[in-house]
Amino acid sequence: MPDRQVRLLNDVRFVSIATGHGRAELRYAGITVHRIDGGTVVGETWVPFGSAPTYADDEALLTAWHAALDWSRSPTDSPSV
């Protein structure tokens with residue numbers, strides 16, 4: 001198994017916001033791009049997308065994925081979070 005890996009995780013994040021009557025929780029779908037070195041997650045990039053992903057959503061994911069793949073091939077680079 002290689003020391004550096006990239007994993008894509010279909011993910012949901014929750015954000016709690018104050019409302020006039022307490023708090024509301026918002027749910028955001030997206031993909032987390034994990035950078036893994038020696039079995040440990042050393043960085044991640046969250047790429048949210050809506051219920052109907054757009055071309056811009058696709059481009060954002062491809063950009064994050066490409067950066068992570070470049071990182072995985074270059075063991076002297078530091079991960080960015």
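Counting restarts for each chain, with residues numbered from 1 along the sequence as it is written. At least 70 in pLDDT is required for a residue's local features to be given in this predicted model, at least 80 for side-chain atom pairs to be given and counted, and no such filter applies to totals for whole chains, interfaces and linings, which use all residues. The basis for every side-chain value is the complete set of heavy atoms in the structure, and neither hydrogens nor water enter the calculation.

(A) Quick peek at the overall build of the protein. Where helices and strands are cited, they refer to DSSP runs of H or I of at least four residues and of E of at least two residues respectively, numbered from the N terminus. Helix and strand counts for the protein stand at one helix and three strands. Going from N to C terminus, the protein has its helices and strands arranged as β-β-β-α. Classification of the 81 residues of the protein by burial places 21% in the buried group. Should any heavy atoms of two residues lie within 4.5 Å, those residues are counted as being in contact. Contacts in the protein between residues far apart in sequence, at least 24 positions, make up 44% of those at least 6 positions apart. Computed by Shrake-Rupley with a 1.4 Å probe, the accessible areas treat only the displayed protein chains as cover when residues are assessed. Just so you have it, the protein exposes about 5,700 Å², and 56% of that area is on carbon and sulfur atoms. Under the scheme applied here, a residue whose accessible area is under 20% of the maximum for its type counts as buried, over 50% as exposed, and between as partly exposed, the area being computed with a 1.4 Å probe on protein chains only.

(B) The arrangement of the side chain of Thr32 in detail. Following the sequence through the fold, Thr32 ends up in strand S2 (residues 22-37). Here a polar contact means two N or O atoms within 3.5 Å. Within protein one must be a hydrogen donor candidate and the other an acceptor candidate, and residues neighboring in sequence count only if both atoms are side-chain atoms. A distance of 2.9 Å separates a polar atom in the side chain of Thr32 from a polar atom in the side chain of Asp11. In this structure Thr32 touches Arg7, Leu8, Leu9, Asp11, Arg13, Glu44, Thr45 and Trp46, once residues within four positions along its chain are discounted.

(C) Looking closely at a nonpolar patch on the surface. On the surface, Val15, Ile17, Leu26 and Tyr28 cluster together to form a nonpolar patch covering roughly 300 Å² of accessible area. Elements with a minimum of two residues in the nonpolar patch: strand S1 (4-19) and S2. Relative to the elements of secondary structure, Leu26 occurs in strand S2. By relative accessible area, which is 35% here, Leu26 ends up partly exposed. Each patch is built from residues that are more than 30% exposed by relative accessible area and take part in no salt bridge. Like charges join if they lie within 9 Å; nonpolar side chains (Val, Leu, Ile, Met, Phe, Trp, Tyr) join within 5 Å. What makes a salt bridge here is a side-chain nitrogen of Lys or Arg within 4 Å of a carboxyl oxygen of Asp or Glu, nothing more.

(D) Highlighting the pattern of salt bridges. Summed over the entire model, instances satisfying the criterion amount to three salt bridges. Close ionic contact of Glu44 with Arg13 constitutes a salt bridge, the shortest N to O distance being 2.8 Å. With Glu44 in strand S3 (residues 40-48) and Arg13 in strand S1, the pair connects residues that are 31 residues apart, well separated along the chain. Taking relative accessible area as the criterion, Glu44 reaches 29% and is therefore assigned partly exposed. Close ionic contact of Arg73 with Asp70 constitutes a salt bridge, the shortest N to O distance being 3.4 Å.

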